[in-house]
Every structure is written in structure tokens, then in C-alpha cells.
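Working through the structure, step by step
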Amino acid sequence: MNTKTSHLLDGKALAERIQAELKERIQSLQPQIGRPPGLAVLMVGDNPASAAYVRNKERACTKAGIASFGQHFPVNTTQSELEQVIQALNQDQRVDGILVQLPLPDRLDAVALLHQIDPDKDADGLHPVNLGRLVRGEHGLRSCTPAGVMRLLQEYQIQLKGKQAVVVGRSILVGKPLTLMLLEADATVTIAHSRSQDLPAITKSADILIAAVGRPALITAEMVKPGAVVVDVGINRVSDATGNSRLVGDVDFESVQGVAEYITPVPGGIGPMTVAMLLQNTVLSYSQRQK
Ligand SMILES: NC(=O)c1ccc[n+]([C@@H]2O[C@H](COP(=O)([O-])OP(=O)(O)OC[C@H]3O[C@@H](n4cnc5c(N)ncnc54)[C@H](OP(=O)(O)O)[C@@H]3O)[C@@H](O)[C@H]2O)c1
């Protein structure tokens with residue numbers, strides 16, 4: 001049995017520090033701008049996981065001094081009603097960030113709604129203009145979860161230049177933008193997905209391995225190169241034999257922590273970093289208003 005323990009990449013502690021720094025920045029900007037920053041989180045329906053995420057985001061906003069303009073809509077809200085709400089928020093001078101909490105009910109077109117958001121208020125960094133800026137390496141609002149991964153790696157001074165990075169998962173929310181950010185940091189990047197053949201061989205080549213899939217324990221110790229840095233983006237709710245439920249990532253933490261040099265916990269890793277980056281994007285948009 002391997003008794004070695006990995007170092008933890010503590011996203012919770014870093015996120016708290018970033019939020020405290022943002023609070024100070026807001027306090028220094030507020031006299032010039034004349035109002036606090038504002039974030040609008042739009043939620044449709046009653047998905048309990050989404051409701052918990054929205055509560056988390058709003059709590060973090062309050063703590064940092066960001067005003068919440070969130071709205072919760074019934075499940076039968078129409079596409080055009082939501083488009084009108086977004087248009088009004090685009091014009092609202094008190095609002096610096098707009099975020100549509102995903103997933104939306106199936107009959108709504110989430111992509112069309114994201115396109116309606118003013119790219120300068122795109123707190124989630126998912127508007128095509130901001131994704132395009134990322135592709136070109138231009139300044140812009142970056143997607144929160146991948147930005148949170150990069151910020152955490154930077155905090156622990158993980159060397160990326162010239163290293164082999166493997167991202168498992170190719171969603172537009174996490175895998176694809178993260179791949180571009182790792183490339184920007186001069187890593188050699190491989191992206192794997194559900195059609196990749198021999199996933200263990202791919203993951204084992206990684207100096208930096210990032211799992212963003214949504215499958216508990218997909219990544220086991222045998223799939224990890226000894227000494228690798230393992231970042232677990234996955235959030236999965238699982239139940240044990242007694243019916244108690246808990247959150248786990250995509251990485252089998254117990255076995256992998258004996259092999260990796262660094263590993264993120266779930267919860268307490270990328271989840272809190274995502275919220276911190278959301279607030280950071282909102283404050284970045286806010287700070288542009290002083291010009
Ligand atoms: N920590 C956070 O703040 C945060 C934020 C966002 C998401 N998440 C979590 O991250 C996970 C991924 O989210 P997402 O939105 O990116 O999910 P998603 O849109 O469902 O994408 C999942 C990706 O995983 C790939 N995949 C599925 N099964 C696979 C397998 N057996 N082997 C290799 N790849 C496989 C899929 O491949 P195909 O493209 O071929 O289908 C897809 O690219 C979820 O657990 C989600 O809850 C966490």
C-alpha cells in the first residue's frame with residue numbers, strides 16, 4: 001500500500017483570500033464610481049443543485065460588497081421573457097455582471113441567451129466574443145472555472161511551460177477554454193473525451209492532469225504519473241450504502257493522493273475558485289466604469 005500523501009491545492013483558502021482582496025479593491029473604487037458593483041444571477045426552475053450554487057454566489061457577493069440583482073424565474077418562463085430581462089440588465093447602470101445559471105430547462109435555448117448578454121458584462125466569460133478573445137490571446141473576461149484552475153496552479157507555482165498537460169473533458173464551459181489557457185501558458189496540451197481510446201495511457205503521460213468530466217472515480221491511481229499535479233474539476237453527488245449523500249470529484253482521491261505530488265480536494269478545490277473568479281470578473285467590469 002502506498003502511504004505517501006500529496007500536497008493539497010487548497011482552493012477554499014485561496015478563494016477566501018481573493019475575495020478579501022476584492023472587497024478592499026471595491027472599497028477603494030467605490031468613492032470614484034459612486035455605487036457598489038452589481039451582479040445579476042438569473043435562474044430558471046427549481047434545480048436544487050443550481051439553487052445551492054446561486055445561494056453560494058449571492059452569499060459571496062454580499063461578503064465582498066457586491067450588490068446582487070439576481071432573479072429567480074418559474075420553470076415555464078419563455079425565451080423572449082428572458083431575452084427582455086437580459087436586455088434590461090445590459091442597460092442597467094447598476095449592473096456590471098450578468099450570469100445565466102446553467103443548466104436551463106431543455107425547451108430554452110441557453111446559447112441564444114448567452115449571446116444576448118453584453119460581452120462587457122459577461123461575468124461567466126462564455127459569450128462568443130470573450131471566447132474569441134481567449135482564442136486570440138486578447139484581454140477579456142475569462143470563463144470562471146478554467147480561470148480558477150489556472151489561478152490555483154499559479155498560486156502554488158506549478159511550472160506549466162514545456163510540461164505535458166492533459167485535460168479530460170471538452171465542454172465549452174471547462175475543457176475547451178482551459179485547454180486554450182494552458183496553451184497560453186506554454187504547456188503542451190492534450191484534450192481527451194468520451195471517444196478517446198486508451199484513456200489511461202493518455203492520462204499517464206500528464207505532468208498536469210485535469211479532470212472535468214462528471215464521473216465519480218473515473219481517474220484512478222493507475223492512470224496517474226507518479227509526481228503529477230492532479231486537478232479535479234468534477235462535482236458529483238453520490239450516496240453511500242446508508243443513504244447519506246456527499247460530493248466527490250472525478251478523481252479517486254483516496255488512491256490518487258498516494259501517487260500525485262499535488263491534488264485538489266472536492267469539495268474545497270475548484271468549486272470555491274470558480275466563485276472567486278466570478279466575483280473577480282464582476283469587479284474587473286466594474287473597474288472599467290471609472291474611465
Ligand atoms: N468546480 C466547479 O466549479 C465546476 C464548474 C463547472 C463544472 N463542474 C463539474 O465538472 C464536470 C464537468 O462539467 P462540464 O460542464 O464540463 O460537463 P459536460 O458538458 O457534461 O462535459 C463532460 C465532458 O466529459 C467527457 N466525458 C464523458 N465521459 C467520459 C469518459 N468516460 N472518458 C473521458 N471523457 C469523458 C465528455 O466527452 P464528449 O464531449 O465526447 O461527450 C465531455 O467532453 C461536472 O462534474 C460538473 O459538475 C464543476
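Residues numbered from 1 in each chain as written. Predicted model: local features only at pLDDT ≥ 70, side-chain atom pairs only at ≥ 80, totals over all residues. Heavy atoms only, no water.

1. Looking at the site of the ligand
The environment of the ligand is made up of 22 residues, and the closest members are Arg170, Ser171, Ser194, Ile235 and Thr274. The contact in question runs from an oxygen atom of the ligand to an N or O atom on the side chain of Arg170, over 2.7 Å. About the coverage of the ligand: the protein hides 72% of its 930 Å² of free accessible area. In terms of residues, the shell around the ligand owes the most to one element, helix H10 (residues 270-288), which gives 3 residues. When the residues that make up the shell around the ligand are grouped by side-chain class, the tally is 10 nonpolar, 10 polar and 2 charged. (Near = heavy atom within 4 Å. Polar contact = N/O pair within 3.5 Å; in protein donor to acceptor, adjacent residues only side chain to side chain. Areas by Shrake-Rupley, 256 points an atom, 1.4 Å probe, with all protein chains shown as cover. Helix = DSSP H or I, 4+ residues; strand = E, 2+ residues; numbered from the N terminus. Nonpolar A, V, L, I, M, F, W, Y, C, P; charged D, E, K, R; others polar.)

2. Examining helix H6 (residues 144-155)
Given 3.6 residues per helical turn, the α-helix brings residues three or four places apart onto the same face. Taking 1.5 Å as the rise per residue, H6 with 12 residues should run 16 Å; its terminal C-alpha atoms sit 16 Å apart, in good agreement. With 10 of its 12 residues buried, H6 lies for the most part within the structure. Residues of H6 that are buried sit in contact with helix H1 (11-33), helix H7 (175-184), strand S8 (208-211), strand S9 (229-232) and H10. (Expected span 1.5 Å × (residues − 1). Buried < 20%, exposed > 50% of the residue type's maximum accessible area, 1.4 Å probe, protein only. Contact = heavy atoms within 4.5 Å.)

3. Observations concerning the domain arrangement of the protein chain
Note on interface size: it is often stated as the accessible area lost on association of the parts. Its domain assignment divides the protein chain into domain 1 (35-124) and domain 2 (143-271). For domain 1 versus domain 2, the separation of C-alpha centres amounts to 28 Å. (Domains from an automatic or database assignment.)

4. Concerning the pattern of salt bridges
Across all of its chains, the model carries 10 salt bridges by this definition. The salt bridge partner of Arg151 is Glu155, with a shortest N-O separation of 3.1 Å. With Arg151 and Glu155 both in helix H6 and 4 residues apart, this pair spans about one turn of that helix. For Arg151, a relative accessible area of 18% translates into the label buried. One salt-bridge network, held together by shared partners, links Arg17, Glu21, Arg151 and Glu155. (Salt bridge = Lys/Arg side-chain N within 4 Å of Asp/Glu carboxyl O.)

5. What to know about the nonpolar core
Core analysis: the biggest nonpolar cluster contains 46 residues, and Leu153 and Leu182 have the highest contact counts within it. Of all the elements, H10 adds the most residues to this core, at 8 residues. Excluding residues within four positions of it along the chain, Leu182 makes contact with Met150, Leu160, Ala165, Val167, Ala187, Val189 and Ile210. Within the second largest apolar cluster, 18 residues are counted, among which are Val166, Val230, Val259 and Ala260. (Core = buried A, V, L, I, M, F, W, Y, C linked by side-chain atoms within 4.5 Å.)

6. Description of the side chain of Lys57
Here Lys57 lies in helix H2 (residues 48-64). It turns out Lys57 is buried and unbridged, and the closest side chain with the opposite charge, Asp124, is 5.5 Å from it. The contacts of Lys57, once residues within four sequence positions are left out, are Leu99, Gln101, Val275 and Leu278. (Lys, Arg positive; Asp, Glu negative; His and termini not counted.)

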